[in-house]
Amino acid sequence: MPRYAMIIDAKKCIGCYACQVACQMQNELGPDNAFIRFEDRETGKYPNPKYVIVPLQCQHCQDAPCVPVCPTTASHKDSNGLTMIDKDKCMGCRRCVAACPYNARTYLKDEGVVQACNLCLSLVKQGEAPACVATCLTKARYFGDLDNPTGEFAKQLAKAKPLRPDFGTRPTLLYII
C-alpha cells in the first residue's frame, strides 16, 4: 500500500487561492467552506525580512489527535495512512476540530458534519493528482508515496519538514519554507 504524502514549497506559493478553489470544486463545497486556508508568516528583521504564504490543510498526521477523540470512529486512519472522516458516522460534535492543532477541519453547517482534506483520494485512485496539486500555478505542491518516492516529489522530500514538529503529530504533509 502506498503511504501518500504532500509537500508544499511555501517559497513558491503566491497565495493565488487556485488550490483552495480547486479543492472547493472537487469537494462540492460552497464559498463559505474550505479545506485549505492560508497563513502569512514573517521572519527575520530589517533589512532582511522574509515573508511567506503558508497554505494549511489537514496534515494527515501519523499520530493524529483528531482520531482518538472521535466518539463514533468517523475520524480514522485509512490503509494509506491518510486521516479520513466517514461522513455517515460523523455526528458533528466537533471534538476533532478542537483536537486538531493545525485548525484544519471544517464544520459543514448545512450538513451538520465535519470534513477535511482527503487528498482527493478518488482522483488518486484513478491515477490523477489531487486537485490542489494539479491546479497549482507555480508548481508549489508535490504529491507522492513516502515509501516509493519518485520524480520531483523524491527530489523535494529531502528538503521538506513538518510545519510544527513541536506538536509531535508526525504529519505527512510537509513544507519547504
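As the structure is a computational prediction, the values presented were derived from the model and not from experiment.

J.: So what about the side chain of N80? Which residues, and what values?
T.: Considering the arrangement of structural elements, one finds N80 in the loop between β4 (75–77) and β5 (83–85). The class of N80 is buried, set by a relative accessible area of 7%. Setting aside residues no more than four positions away along its own chain, N80 makes contact with M1, P2, R3, Y4 and L121.

J.: Please give an account of the side chain of Q156 that cites residues and values.
T.: Looking at where Q156 falls in the secondary structure, it is placed in helix α5 (residues 151–157). Judged by relative accessible area, which is 6%, Q156 ranks as buried. Sequence-distant contacts of Q156, defined by excluding residues within four places in its chain, comprise I7, Y142 and I176.

J.: Please set out the pattern of salt bridges residue by residue, giving values where relevant.
T.: Going through the model one piece at a time under the given rule, you end up with seven salt bridges. With a closest N to O distance of 2.9 Å, D63 and R170 form a salt bridge. One end of the pair, D63, is in the loop between β3 (50–56) and β4; the other, R170, is in the loop between α5 and β9 (173–176), with 107 residues separating them in the sequence. A relative accessible area of 45% places R170 in the partly exposed class. Between D166 and R164 there is a salt bridge, with the nearest N and O atoms lying 2.5 Å from each other. Classification of D166 by relative accessible area gives exposed; the value is 54%.

Definitions and limits used
- Residues numbered from 1 in each chain as written.
- Predicted model: local features only at pLDDT ≥ 70, side-chain atom pairs only at ≥ 80, totals over all residues.
- Heavy atoms only, no water.
- Helix = DSSP H or I, 4+ residues; strand = E, 2+ residues; numbered from the N terminus.
- Buried < 20%, exposed > 50% of the residue type's maximum accessible area, 1.4 Å probe, protein only.
- Contact = heavy atoms within 4.5 Å.
- Salt bridge = Lys/Arg side-chain N within 4 Å of Asp/Glu carboxyl O.

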